[in-house]
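Coordinates in review
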Amino acid sequence: MNKARQQYGPWERRAVVLVPYLWLVVFFLIPFLIVLKISLSHTVIAQPPYAPVLDPGAGWDSVKAFFTGLSLENYAFIVSDQFYLASYLKSLEVAAGSTPLLLLIGSPLAYGMARAPRGWQPALFMLIVLPFWTSFLIRIYAWVSILQRDGLLNQILLGLRIVDEPPAWLASDTAVYLGIVYSYLPFMVLPIYAALEKMDDTLIEAAADLGCRRWKAFWLVTLPLSAPGVLAGALLCFIPIVGEFVIPDLLGSSQTMMIGQTLWTEFFANKDWPVASAVAVVLLCLLVAPMLFYQQMRARDLEGGR
């Protein structure tokens, strides 16, 4: 360690630390500031479709006019309109409903992978990530074909005499949940598997030697040690599901209008970039809360590990 510190000077070490910060500034902070600026503008029929536009070369009066023209009217509009509130609530509802389903299905899969023989684990890992080898859009279109009235699912149900008439699966909340759980399952399984795979098996043996039953050892040993993976998997699923666009657009109906569809409508159909930017900024603020919560939890765990 001392040799490494002597080999690299203070500037080299600072450069290594600054690289991720530079990445965040270029690909997060600057785009966010651009979207924030557009959200404070107003819509015009021009190119670009918003005003005011900052032009430092036009002089100080142009800069003052730019800042004078900014306002919060777009945020007041989306707060007063029930349509946007319904889209936010629907997105949070779908994300909050599908994340426990993903946890319920993904936890046994991850536990089985971690407890499988070492020679089987690479094959099981490949089976989990195998869907990523196919285009996401193609997989969702496959679900459209499966859930059609004369699709594979209804043919199986009719063949097994479970139903007398083919149910309507498409354009429903059920189809949206099916598509989301199928698409995001690897994001839940892999973090939990990573946490369980690092667990020391001798802890379970020690609990058994002390007279602890298997279910109690799972509850007192395995479950707490897998908590970081569970939390990471829940955030990896919850956050992108809130902004999901493709799945509810192809599998859902007008009753499942999530915020991703609202953003697309405002940007491309209504050409209302300022309102769409305001919707995006509010969405980002909603998603920052679970990120900060996860960061605090991780910092607390690291401090406890010391």
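Preceding this section is the structure that the text describes.
Scope of this entry: the structure provided in the associated data block. (Residues numbered from 1 in each chain as written. Predicted model: local features only at pLDDT ≥ 70, side-chain atom pairs only at ≥ 80, totals over all residues. Heavy atoms only, no water.)

Moving on, we get to the packing of aromatic side chains. Each aromatic ring pair is characterised by the separation of its centres together with the angle its planes make. Here the structure, examined in full by the defined rule, presents 13 aromatic pairs. Between the aromatic rings of Trp-143 and Tyr-182, the centroid separation amounts to 5.6 Å while the plane-to-plane angle is 65°, which identifies the pairing as edge-to-face. You can see Trp-143 sitting in helix α7 (residues 136-146) and its partner Tyr-182 sitting in helix α9 (residues 173-197), a full 39 residues away along the chain. Members of the aromatic cluster, joined through ring pairs, are Tyr-50, Phe-245, Trp-264, Phe-267, Phe-268 and Trp-273. Geometry around Phe-132 places Arg-139 over its ring, the cationic atom sitting 5.8 Å from the centre. (Phe/Tyr/Trp six-rings, centres within 6.5 Å; stacked < 30°, edge-to-face > 60°. Helix = DSSP H or I, 4+ residues; strand = E, 2+ residues; numbered from the N terminus. Lys NZ or Arg CZ within 6 Å of the ring centre and 35° of its normal.)

In terms of nonpolar packing, the biggest core is built from 46 residues, with Ile-78, Leu-102, Ile-241 and Val-279 touching the most fellow members. Elements with a contribution of two residues or more to this core: α4 (73-80), α5 (82-115), α7, α9, α11 (214-242), α12 (246-251), α13 (259-269) and α14 (273-305). The element contributing the most residues to this core is α9, with twelve residues. With residues up to four places along the chain from it excluded, the contact list for Ile-241 reads Val-94, Ala-95, Ser-98, Leu-102, Ile-180, Tyr-184 and Met-258. (Core = buried A, V, L, I, M, F, W, Y, C linked by side-chain atoms within 4.5 Å. Buried < 20%, exposed > 50% of the residue type's maximum accessible area, 1.4 Å probe, protein only. Contact = heavy atoms within 4.5 Å.)

Another aspect to go through is the packing of helix α10 (residues 202-209) against α11. Helix-helix packing: each pair is described by the crossing angle between the helix axes and the interaxial distance. Two elements in contact, α10 and α11, have axes separated by 10 Å at closest approach and are oriented at 160°. Relative to α11, the element α10 is oriented roughly antiparallel. α10 and α11 meet at a crossing whose hand is right-handed. From α10, Leu-203, Ile-204 and Ala-207 reach across to α11, where they touch Ala-217, Val-221, Thr-222 and Leu-225. When the residues that make up the contact of α10 with α11 are grouped by side-chain class, the tally is six nonpolar, one polar and no charged. (Axes fitted to C-alpha atoms, helices over the stretch in contact; angles between N-to-C directions. Parallel < 35°, antiparallel > 145°, perpendicular 65-115°, else oblique. Left-handed = near helix turned anticlockwise from the far one by under 90°. Nonpolar A, V, L, I, M, F, W, Y, C, P; charged D, E, K, R; others polar.)

Turning next to α9. Along its 25 residues, α9 runs 35 Å from first to last C-alpha, staying within 8% of the 36 Å computed at 1.5 Å per residue. At Tyr-184, α9 shows its strongest bend, of approximately 45°, with the proline Pro-186 following within four residues. (Expected span 1.5 Å × (residues − 1). Bend = angle between axes of the 7 residues up to and from the residue.)

For the rest of this paragraph, the subject is the pattern of salt bridges. Pairing is possible between side chains that carry opposite charge, provided their charged atoms lie close to one another. Inspection of the entire model under this criterion finds three salt bridges. A salt bridge links Glu-93 to Lys-90, with the shortest nitrogen-to-oxygen separation between them at 3.6 Å. On the criterion of helical spacing, the pair formed by Glu-93 and Lys-90 is a turn pair, its members being three residues apart in helix α5. We note a salt bridge from Arg-118 to Glu-197, for which the minimum N-O separation is 2.6 Å. Of this pair, Arg-118 sits in the loop between α5 and α6 (121-129) while Glu-197 sits in helix α9; the two residues are 79 residues apart in sequence, bridging distant segments of the chain. Residues joined in a network through salt bridges with shared partners are Lys-90, Glu-93 and Asp-173. (Salt bridge = Lys/Arg side-chain N within 4 Å of Asp/Glu carboxyl O.)

These values are about where atoms sit, not about what they do.
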